[in-house]
Amino acid sequence: MALRVLAIESSCDESAVAVLDEERGLLSHALFSQIELHRAYGGVVPELASRDHLRRLLPLLRQALAEADTTPEQLSGVAHTAGPGLVGALLTGAALARGFAFSRGLPVIAVHHLEGHLLAPLLEDEPPPFPHLALLVSGGHTMLIRVAGLGEYELLGETRDDAAGEAFDKTAKLLGLPYPGGPELARLARDGRAGAFVFPRPMLDRPGLEFSFSGLKTAVSLAARAQPLDDRRRNDIARGVQDAIVDTLLRKTARAVEATGLVDVVVSGGVGANLALRTGLATLLRSRGGRVYHPRIEFCTDNAAMIAVAGLLRLKRGEGSFDLAITARAQWPLTDLNQDRHTA
Ligand code: KG4
Ligand code: ZN
């Protein structure tokens with residue numbers, strides 16, 4: 001019988017539940033974003049996030065099951081994000097997953113959030129072939145990874161300081177844009193002039209695949225200080241920031257393509273929703289005979305559909321546990337997954 005999993009995501013500020021069937025595909029995905037709740041504080045407040053997950057998850061679970069026309073008896077397992085993320089937020093999803101699974105005698109799969117992002121393009125009509133290269137760019141991570149298969153991840157390079165999404169968010173804040181700044185800054189950049197501001201592209205002069213984005217804040221704060229900070233100047237600065245981040249990501253990806261010989265590239269994580277990055281990658285890879293694969297825009301940012309994909313593949317492999325111990329890890333290196341992991 002085809003496997004069917006229920007998946008729960010609650011690692012940061014999105015509460016989400018999805019149902020995925022091995023044969024019929026994604027049956028439902030319900031999501032509540034807490035963005036409005038955190039906006040007044042300019043960033044995610046962990047305690048508020050946990051409390052809101054508590055309020056939202058159960059109704060979302062009911063909604064996801066109803067929309068999937070699925071009863072608990074039809075499920076083969078329950079997946080939940082076990083880390084990395086805000087530990088209080090993770091605990092809410094983990095406790096719900098364990099409690100629900102225990103009451104129904106179902107196995108639980110503790111999913112790595114980044115593995116979810118990496119596998120999200122498998123939900124699309126043309127999934128990426130293995131092996132491929134992945135550019136994982138989110139609010140917390142910037143990584144280039146060689147992906148040979150499920151749980152076969154070689155980290156080729158990552159950021160030494162700020163993540164790409166963090167760089168978008170922090171510079172957007174300097175321009176007075178609301179949280180989360182990435183999409184707002186991208187919107188302003190559309191009306192900005194290329195070359196009006198040229199911001200540093202660190203680490204490009206050195207070999208290797210490491211990133212560093214923390215210097216961007218200083219350069220942008222200097223540019224933003226000059227008055228008047230009118231719309232035109234703001235748009236031009238936004239364009240300069242986006243060009244600096246995207247250009248850096250493209251040039252390092254080009255290096256990784258050269259180094260590995262892999263021309264199929266997955267881009268995922270919140271910054272993967274950025275149109276300039278997507279089109280830049282498409283052009284880069286076309287000229288090398290490859291192509292870019294990305295999740296649909298709504299599955300670039302956090303969601304439970306991607307957790308369901310990882311959960312289903314791991315369940316299929318025989319993983320999952322009936323243990324009641326709750327798994328939640330604030331820190332969890334992706335490469336830990338490369339070891340055989342039969343106890344979730
Ligand atoms: O993957 P995600 O939802 O959460 C993490 O796991 O971090 O990524 C959120 C990040 C935020 O920093 C947000 O500003 C950024 O993705 N982001 C964007 C865009 N959409 C979301 N950055 C640039 N351009 C966008 N269109
Ligand atoms: Zn994420």
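All of these numbers come straight from a predicted model, not from anything done at the bench. (Residues numbered from 1 in each chain as written. Chains lettered and ligands numbered in written order. Predicted model: local features only at pLDDT ≥ 70, side-chain atom pairs only at ≥ 80, totals over all residues. Heavy atoms only, no water.)

## Here's the deal with the sheet that holds strand β2 (residues 14-21)
Sheet strands pair by backbone hydrogen bonding; their relative direction is either parallel or antiparallel.
Part 1: Here 5 strands make up an open sheet; going across it, the order is β3-β2-β1-β4-β5 and the pairing mixed. Every interior strand has two partners, whereas the edge strands, β3 (25-33) and β5 (108-112), have only one. Each strand axis lies, on average, 20° off the axis of its neighbour in the sheet, ignoring direction.
Part 2: Taken together, the 4 bridges between strand β1 (residues 4-9) and strand β4 (residues 77-83) define a ladder with parallel strand orientation. Bridge assignment links Ala-7 to a residue of β4, and that residue is Ala-79.
Part 3: Relative to β2, helix α2 (residues 46-67) is tilted by about 25°, and along the sheet it contacts β1, β2 and β3.
Part 4: Running over the sheet, helix α10 (residues 305-316) touches β1, β2, β3, β4 and β5 and is turned about 135° from β1. (Pairing = 2+ DSSP bridges. Helix = DSSP H or I, 4+ residues; strand = E, 2+ residues; numbered from the N terminus. Axes fitted to C-alpha atoms, helices over the stretch in contact; angles between N-to-C directions. Contact = heavy atoms within 4.5 Å.)

## As for the nonpolar core
Part 1: Counting residues in each nonpolar core, the largest one holds 43 residues, and the members touching the most others are Leu-135, Phe-199, Ile-237, Ile-245, Leu-249 and Leu-277.
Part 2: The set of elements that each furnish at least two residues to this core consists of β6 (132-137), α5 (164-174), α6 (181-189), α7 (215-225), α8 (231-260), β9 (264-268) and α9 (275-286).
Part 3: In terms of residue count, the dominant contributor to this core is α8 (11 residues).
Part 4: Once you skip the residues sitting within four places of it in the chain, Leu-135 turns out to touch Met-143, Leu-144, Phe-211, Leu-249, Thr-253, Val-266, Val-267, Ser-268, Leu-277 and Leu-281.
Part 5: Core analysis: the next-biggest nonpolar cluster, separate from the first, contains 38 residues, Leu-3, Leu-119, Val-266 and Leu-315 among them. (Core = buried A, V, L, I, M, F, W, Y, C linked by side-chain atoms within 4.5 Å. Buried < 20%, exposed > 50% of the residue type's maximum accessible area, 1.4 Å probe, protein only.)

## Points about the packing of α7 against α8
Part 1: α8 packs onto α7 with a crossing angle of 165° between their chain directions and a minimal axis gap of 11 Å. With respect to α8, the element α7 is oriented roughly antiparallel. Once α7 is placed against α8, the crossing between them reads as right-handed. Residue-level contacts link Leu-216, Val-220, Ala-223 and Ala-224 of α7 to Arg-233, Ile-237, Val-241, Ala-244 and Ile-245 of α8.
Part 2: Here the residues of the contact of α7 with α8 sort into 8 nonpolar, no polar and 1 charged. (Parallel < 35°, antiparallel > 145°, perpendicular 65-115°, else oblique. Left-handed = near helix turned anticlockwise from the far one by under 90°. Nonpolar A, V, L, I, M, F, W, Y, C, P; charged D, E, K, R; others polar.)

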